[in-house]
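Remarks on the overall topology
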Amino acid sequence: MEGTVTETAAADREDLAEKASEFLLGVLERMGISADIDIKDDSDKTVLEIQTKDTELVIGRRGVVMDALQHLVNKVVYRDRTGDRTKPLVVDAGGFRDKQVERLRSLAQRMGEKALETKQIVELQPMTPHDRRIVHMAIAEMPGLSSRSEGEGEDRHILVVPAAAEAAAPAAE
(Lines give C-alpha, C1' and ligand atoms only; values in the text may rest on other atoms or scores of the structure.)
Protein backbone atom coordinates (compact mmCIF):
# COMPACT_ATOMS: atom_id res chain seq x y z
CA MET A 1 0.00 0.00 0.00
CA GLU A 2 2.79 2.44 0.96
CA GLY A 3 4.62 1.89 -2.34
CA THR A 4 1.46 2.81 -4.22
CA VAL A 5 1.13 6.12 -2.34
CA THR A 6 4.76 7.01 -3.10
CA GLU A 7 4.39 6.02 -6.76
CA THR A 8 1.18 8.06 -7.01
CA ALA A 9 2.89 11.10 -5.46
CA ALA A 10 5.82 10.77 -7.88
CA ALA A 11 3.48 10.45 -10.86
CA ASP A 12 1.50 13.46 -9.60
CA ARG A 13 4.72 15.55 -9.37
CA GLU A 14 5.64 14.50 -12.90
CA ASP A 15 2.18 15.56 -14.12
CA LEU A 16 2.60 18.93 -12.39
CA ALA A 17 6.04 19.40 -13.95
CA GLU A 18 4.67 18.50 -17.39
CA LYS A 19 1.73 20.88 -16.95
CA ALA A 20 4.15 23.62 -15.83
CA SER A 21 6.46 22.94 -18.78
CA GLU A 22 3.59 23.09 -21.30
CA PHE A 23 2.26 26.34 -19.80
CA LEU A 24 5.73 27.91 -19.77
CA LEU A 25 6.37 26.92 -23.40
CA GLY A 26 3.05 28.55 -24.34
CA VAL A 27 3.97 31.80 -22.59
CA LEU A 28 7.42 31.84 -24.18
CA GLU A 29 5.87 31.17 -27.61
CA ARG A 30 3.54 34.16 -27.12
CA MET A 31 6.63 36.23 -26.24
CA GLY A 32 8.13 35.19 -29.58
CA ILE A 33 10.78 33.02 -27.91
CA SER A 34 11.59 29.59 -29.28
CA ALA A 35 12.70 27.28 -26.46
CA ASP A 36 12.89 23.78 -25.02
CA ILE A 37 12.47 23.01 -21.34
CA ASP A 38 14.45 20.46 -19.36
CA ILE A 39 12.79 19.26 -16.16
CA LYS A 40 15.13 18.52 -13.23
CA ASP A 41 13.42 17.04 -10.20
CA ASP A 42 15.49 17.66 -7.04
CA SER A 43 14.51 16.58 -3.54
CA ASP A 44 13.46 20.12 -2.52
CA LYS A 45 12.35 21.67 -5.84
CA THR A 46 11.54 21.00 -9.47
CA VAL A 47 13.61 23.11 -11.88
CA LEU A 48 12.28 24.04 -15.30
CA GLU A 49 15.47 24.91 -17.19
CA ILE A 50 14.69 26.98 -20.28
CA GLN A 51 17.00 26.18 -23.21
CA THR A 52 16.96 29.03 -25.73
CA LYS A 53 19.21 31.31 -27.77
CA ASP A 54 17.23 34.24 -26.27
CA THR A 55 18.48 33.68 -22.71
CA GLU A 56 18.82 37.42 -21.97
CA LEU A 57 15.18 38.04 -22.92
CA VAL A 58 14.00 35.18 -20.70
CA ILE A 59 16.06 36.37 -17.72
CA GLY A 60 15.36 40.08 -18.07
CA ARG A 61 17.01 42.84 -16.08
CA ARG A 62 18.20 41.36 -12.77
CA GLY A 63 16.04 38.29 -13.37
CA VAL A 64 12.68 40.09 -13.24
CA VAL A 65 11.25 38.38 -16.35
CA MET A 66 12.28 34.95 -15.07
CA ASP A 67 10.84 35.73 -11.61
CA ALA A 68 7.55 36.75 -13.25
CA LEU A 69 7.48 33.56 -15.33
CA GLN A 70 8.17 31.50 -12.20
CA HIS A 71 5.37 33.26 -10.33
CA LEU A 72 2.91 32.64 -13.18
CA VAL A 73 3.88 28.98 -13.51
CA ASN A 74 3.40 28.33 -9.79
CA LYS A 75 0.07 30.20 -9.73
CA VAL A 76 -1.31 28.29 -12.71
CA VAL A 77 -0.04 24.84 -11.72
CA TYR A 78 -1.06 25.10 -8.06
CA ARG A 79 -4.28 27.08 -8.69
CA ASP A 80 -6.62 24.20 -7.79
CA ARG A 81 -4.35 22.59 -5.21
CA THR A 82 -4.66 24.52 -1.95
CA GLY A 83 -2.34 23.25 0.75
CA ASP A 84 -0.96 20.56 -1.57
CA ARG A 85 2.29 22.22 -2.67
CA THR A 86 4.87 19.52 -2.29
CA LYS A 87 7.77 21.36 -3.93
CA PRO A 88 8.22 24.76 -5.56
CA LEU A 89 8.63 25.00 -9.31
CA VAL A 90 11.76 27.01 -10.14
CA VAL A 91 12.22 28.58 -13.57
CA ASP A 92 15.85 29.02 -14.67
CA ALA A 93 17.74 29.88 -17.83
CA GLY A 94 21.45 29.87 -18.56
CA GLY A 95 22.27 28.81 -15.00
CA PHE A 96 21.14 32.25 -13.76
CA ARG A 97 19.80 31.01 -10.40
CA ASP A 98 23.07 29.34 -9.35
CA LYS A 99 25.13 32.34 -10.53
CA GLN A 100 22.80 34.66 -8.60
CA VAL A 101 23.27 32.66 -5.39
CA GLU A 102 27.05 32.91 -5.81
CA ARG A 103 26.84 36.68 -6.48
CA LEU A 104 24.70 37.19 -3.37
CA ARG A 105 26.97 35.06 -1.18
CA SER A 106 29.97 37.04 -2.46
CA LEU A 107 28.16 40.32 -1.74
CA ALA A 108 27.34 39.12 1.78
CA GLN A 109 31.00 38.17 2.32
CA ARG A 110 32.30 41.57 1.10
CA MET A 111 29.75 43.60 3.06
CA GLY A 112 30.28 41.43 6.15
CA GLU A 113 34.03 42.09 5.99
CA LYS A 114 33.35 45.82 5.56
CA ALA A 115 31.03 45.85 8.59
CA LEU A 116 33.60 44.02 10.73
CA GLU A 117 36.43 46.27 9.54
CA THR A 118 34.59 49.58 10.10
CA LYS A 119 32.55 48.34 13.10
CA GLN A 120 29.63 50.12 11.40
CA ILE A 121 26.28 48.85 10.14
CA VAL A 122 26.34 48.35 6.35
CA GLU A 123 23.09 48.97 4.46
CA LEU A 124 22.50 46.97 1.29
CA GLN A 125 20.34 47.87 -1.71
CA PRO A 126 16.71 46.67 -1.73
CA MET A 127 16.26 43.11 -3.01
CA THR A 128 13.65 40.41 -3.39
CA PRO A 129 12.63 38.24 -0.41
CA HIS A 130 14.41 35.24 -1.97
CA ASP A 131 17.64 37.21 -2.43
CA ARG A 132 17.44 38.64 1.10
CA ARG A 133 17.08 35.12 2.49
CA ILE A 134 20.27 34.01 0.73
CA VAL A 135 22.18 37.01 2.12
CA HIS A 136 20.78 36.50 5.65
CA MET A 137 21.86 32.83 5.56
CA ALA A 138 25.38 33.77 4.35
CA ILE A 139 25.75 36.46 7.05
CA ALA A 140 24.55 33.99 9.71
CA GLU A 141 27.57 31.80 8.89
CA MET A 142 29.99 34.67 9.61
CA PRO A 143 31.15 35.06 13.25
CA GLY A 144 30.65 38.50 14.80
CA LEU A 145 27.85 39.50 12.41
CA SER A 146 24.10 39.51 12.30
CA SER A 147 21.64 40.88 9.78
CA ARG A 148 18.11 42.21 9.72
CA SER A 149 15.69 43.49 7.13
CA GLU A 150 14.21 46.98 7.21
CA GLY A 151 11.82 48.91 5.03
CA GLU A 152 8.58 48.05 3.31
CA GLY A 153 7.69 46.42 0.00
CA GLU A 154 10.19 47.06 -2.79
CA ASP A 155 12.32 49.24 -0.47
CA ARG A 156 12.95 46.36 1.95
CA HIS A 157 16.68 45.93 2.40
CA ILE A 158 19.25 44.27 4.65
CA LEU A 159 21.41 45.81 7.34
CA VAL A 160 24.63 43.91 8.07
CA VAL A 161 25.36 44.47 11.75
CA PRO A 162 28.75 43.83 13.38
CA ALA A 163 28.55 42.67 17.01
CA ALA A 164 30.39 45.88 18.09
CA ALA A 165 27.70 48.09 16.52
CA GLU A 166 24.88 45.90 17.85
CA ALA A 167 26.07 46.36 21.46
CA ALA A 168 26.30 50.16 21.02
CA ALA A 169 22.98 50.68 19.20
CA PRO A 170 19.52 50.42 20.74
CA ALA A 171 17.59 47.33 19.68
CA ALA A 172 15.38 47.83 16.63
CA GLU A 173 11.90 46.35 16.51
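Summarised in this report is the structure supplied together with it. (Residues numbered from 1 in each chain as written. Predicted model: local features only at pLDDT ≥ 70, side-chain atom pairs only at ≥ 80, totals over all residues. Heavy atoms only, no water.)

**A word on the nonpolar core**
Judged by nonpolar contacts, the single largest core of 21 residues is most densely connected at L24, L28, I50, L69, V73 and V91. Put simply, the parts of the chain that give this core at least two residues each are α1 (2-30), β2 (46-51), α2 (55-59), α3 (64-77) and β3 (89-93). Setting aside residues up to four positions removed in sequence, V91 forms contacts with L24, L48, I50, M66, L69, Q70, V73 and R97. By size, the runner-up hydrophobic cluster in this structure holds 15 residues, among which are A108, L124, A138 and I139. (Core = buried A, V, L, I, M, F, W, Y, C linked by side-chain atoms within 4.5 Å. Buried < 20%, exposed > 50% of the residue type's maximum accessible area, 1.4 Å probe, protein only. Helix = DSSP H or I, 4+ residues; strand = E, 2+ residues; numbered from the N terminus. Contact = heavy atoms within 4.5 Å.)

**Describing the pairing of strand β5 (residues 145-150)**
Looking at chain direction, β5 and strand β6 (residues 157-162) are connected through six bridges and run antiparallel. From the neighbouring strand, S149 faces β6, where its bridge partner is I158. Turn length for the β5-β6 hairpin, with the two strands adjacent in sequence and antiparallel, is six residues, and the turn residue G151 shows positive phi of about 95°. (Pairing = 2+ DSSP bridges.)

**A short note on the sheet that holds strand β1 (residues 36-41)**
Pairing between sheet strands relies on hydrogen bonds along the backbone, with the strands arranged either parallel or antiparallel. Across the sheet, which stays open at both edges, the three strands sit in the order β1-β2-β3 with mixed pairing between neighbours. In this open sheet, the two edge strands, each paired with only one partner strand, are β1 and β3. For this sheet, the mean angle separating the axes of adjacent strands, direction not counted, is 25°. Bridge analysis of β1 against β2 gives six bridges, and the strand direction is antiparallel. Bridging from a neighbouring strand, I39 pairs with L48 of β2. (Axes fitted to C-alpha atoms, helices over the stretch in contact; angles between N-to-C directions.)

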